[in-house]
Amino acid sequence: MSWQQRIEQAVTERRDAQAFRQRQPLEQGAGRWLLHAGRRYRNFSSNDYLGLSQHPQVIRAWQDGAERYGVGSGGSGHVTGYHLAHERLEEQLADWLGYDRALLFISGFAANQAVIAALAGREDRIVADRLSHASLLEAASQSPAQLRRFQHNDSHHLASLLAASVSGQQLVVTEGVFSMDGDSAPLAKIAAAARTADAWLMVDDAHGIGTTGERGRGSCHQQGVHPELLIVTFGKAFGLSGAAVLCSHAVADYFVQFARHLIYSTAMPPAQAQALQMALAVIQSDDGQQRRETLAQHVADFRLGARGLAYTLTDSASAIQPLIVGDNGQTLRLAERLRERGCWVTAIRPPTVPAGTARLRLALTAAHDAQDIMHLLEVLHGERG
Ligand SMILES: *Cc1c(COP(=O)(O)O)cnc(C)c1O
């Protein structure tokens, strides 16, 4: 088969499975309101859980940074791209989360790829929750290490996989809050299983950081675990983008030598690092605390109001409140009808989620008000007939 034939066949298969993906160019998309083709929608698709993408102080910090440093970093951090603004942010993150060091990456995807690629060798085994994010599973399957997946949130299954003999080292990989289900990992049990097997633990807390734990310190702090590797990302509750790996001095020194996504990639703009410092300050402040409380109230109201709907809720206490519909076509049509009624929601289909579990991935945020949640519920209940 030629390149052209192979490509066309793959796309046709996606279309036939009603799994063809299209991007929507938006006039505005990150806040409470989403503007598309001149129409305004209530936005239930955003990961901006605390509404910080629109926070005046964060916007101001980015503007000030751009005026001071210019808009780009000018190079890899190993050449001239690493500024005092990056160093200060790393120190603040390490201090906040109780680690020796933090290393900034351009995205969570890059951080996960870099960490796994730099660590995993041929003799090693990676044991990952089977619902882990694509960036983790893909990095693990591309690494020379053996990959085993444990049943979602099942620490007994994890322990049994870790007990099999291995000549190298083992790395346990999971998330704090799962991106497509919104449920939390039993981190204390998972950490105990890892410790028993002398394995290291890597937790990707993309959806927990900023929203859970004392003053937003995230899932690990909340559950009293201290993984050897903690990944936090800034594209969700921080309202910006980028990521950090939290680790010991020795591990940070190692990544600075061997993490290719750090070495061969342009550092984030220093103005962004400055805006991230402000987002971190807001997350720790009373303002941030109020935003977490508002979000928790929305989640409670939504779950109460969603009783009696024909769709399955997940076991989620987080901002991510998926409605599992099952069939791809039915999920798409439901998303379409919600849009007609002014609610912007995203249909998530396999392969992003397991076959037969297509869903609306609803995300609630502190930028919503009580009316938004009520409107969403009314529209959903209207769908029953
Ligand atoms: C969003 C997400 C990522 C990717 O982070 P980006 O900064 O968007 O590249 C990684 N892991 C999880 C669990 C995520 O939800």
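The structure presented is a predicted model; accordingly, all values stated were derived computationally and were not measured. Residue indices begin from 1 for each chain and proceed along its sequence in written order. In view of the model being predicted, local features appear only for residues whose pLDDT reaches at least 70, and side-chain atom pairs are presented and counted only at 80 or more, with totals across whole chains, interfaces and linings using the full set of residues. For the side-chain quantities, the full set of heavy atoms in the structure was used; hydrogens and water were omitted.

A. Spatial organisation of the site of the ligand. For this purpose, a residue is taken to be near a molecule or strand whenever a single non-hydrogen atom of the residue falls within 4 Å of it. Surrounding the ligand, one finds 14 residues, the nearest of these being Gly108, Phe109, Asp204, His207 and Lys236. Counted as a polar contact is a pair of N or O atoms within 3.5 Å, where, for protein atoms, one must be capable of donating a hydrogen and the other of accepting one, and residues adjacent in sequence contribute only when both atoms are in side chains. Glycine 108 is positioned with one of its backbone polar atoms (N or O) 2.7 Å from an oxygen atom of the ligand. In the environment of the ligand, an oxygen atom lies 2.5 Å from a nitrogen or oxygen atom belonging to the side chain of histidine 207. Values of accessible area rely on a 1.4 Å probe in the Shrake-Rupley scheme; residue burial ignores everything except the protein chains shown. Contact with the protein chains hides 83% of the accessible area of the ligand, taken as 370 Å² for the molecule alone. To qualify as a helix, a DSSP run of H or I must reach at least 4 residues; to qualify as a strand, a run of E must reach at least 2; elements of each kind are numbered from the N terminus. Broken down by element, the residue count for the shell around the ligand peaks at three residues, all from helix α4 (residues 108-119).

B. Inspection of the sheet that holds strand β14 (residues 358-363) at higher detail. At least two DSSP bridges between two strands are needed for those strands to be called paired. Strands sit in the order β10-β11-β14-β13 across an open sheet of four strands; the sheet is antiparallel. Only two strands of the sheet have a single neighbouring strand rather than two, namely β10 (312-313) and β13 (346-348). Pairing between β13 and β14: three bridges, direction antiparallel. Looking at the pairing, threonine 346 lines up with arginine 361 of β14. Helix α13 (residues 328-340) rests against β11 (320-326), β13 and β14 of the sheet, and its axis sits at about 35° to β14. In what follows, residue pairs with any heavy atoms lying within 4.5 Å of each other are defined as contacts. The axes are straight lines fitted to the C-alpha atoms, using for helices just the contacting stretch, and the angles between their N-to-C directions are given from 0 to 180°.

C. Representation of the UniProt feature "modified residue: N6-(pyridoxal phosphate)lysine" (unreviewed entry) in the protein. This chain's UniProt record puts "modified residue: N6-(pyridoxal phosphate)lysine" (unreviewed entry) on Lys236. Note on placement: lysine 236 falls in the loop between β8 (229-233) and β9 (243-247). If near-sequence neighbours (up to four positions away) are discounted, lysine 236 is found in contact with Asn47, Asp48, Tyr49, Ala206 and His207. UniProt positions are given in the numbering used here, feature names are shortened, and annotations may be inferred rather than shown by experiment.

D. Here's a closer look at the domain arrangement of the protein. Segment limits for the domains were obtained from an automatic or database-derived domain assignment. Each domain of the protein was delimited in the assignment, giving domain 1 (26-47 + 284-380) and domain 2 (55-282). For domain 1 versus domain 2, the separation of C-alpha centres amounts to 26 Å. Every contact between the two is made by 23 residues of domain 1 and, on the other side, 22 residues of domain 2. Taking both partners together, domain 1 and domain 2 bury about 1,700 Å²; carbon and sulfur atoms supply 49% of that area. Three residues, Asn47, Gln284 and Arg292, lead the burial of domain 1 against domain 2; their summed loss comes to 38% of the area buried on that side. A pair is scored as a salt bridge if a Lys or Arg side-chain nitrogen falls within 4 Å of a carboxyl oxygen belonging to Asp or Glu. One can count two salt bridges joining domain 1 with domain 2. Here aspartate 181 makes a salt bridge to arginine 359, at a shortest N to O gap of 3.2 Å. Inspection of the domain 1/domain 2 interface yields 17 residue pairs in polar contact (both at pLDDT 80 or more). Listing elements by their share of the side of domain 1 that touches domain 2, those giving two or more residues are α12 (286-305), β11 and β14. Tallying contributions element by element places α12 first for the side of domain 1 that touches domain 2, with seven residues. Accessible-area loss on putting two parts together, using a 1.4 Å probe and summing over both, is the definition of buried area adopted here.

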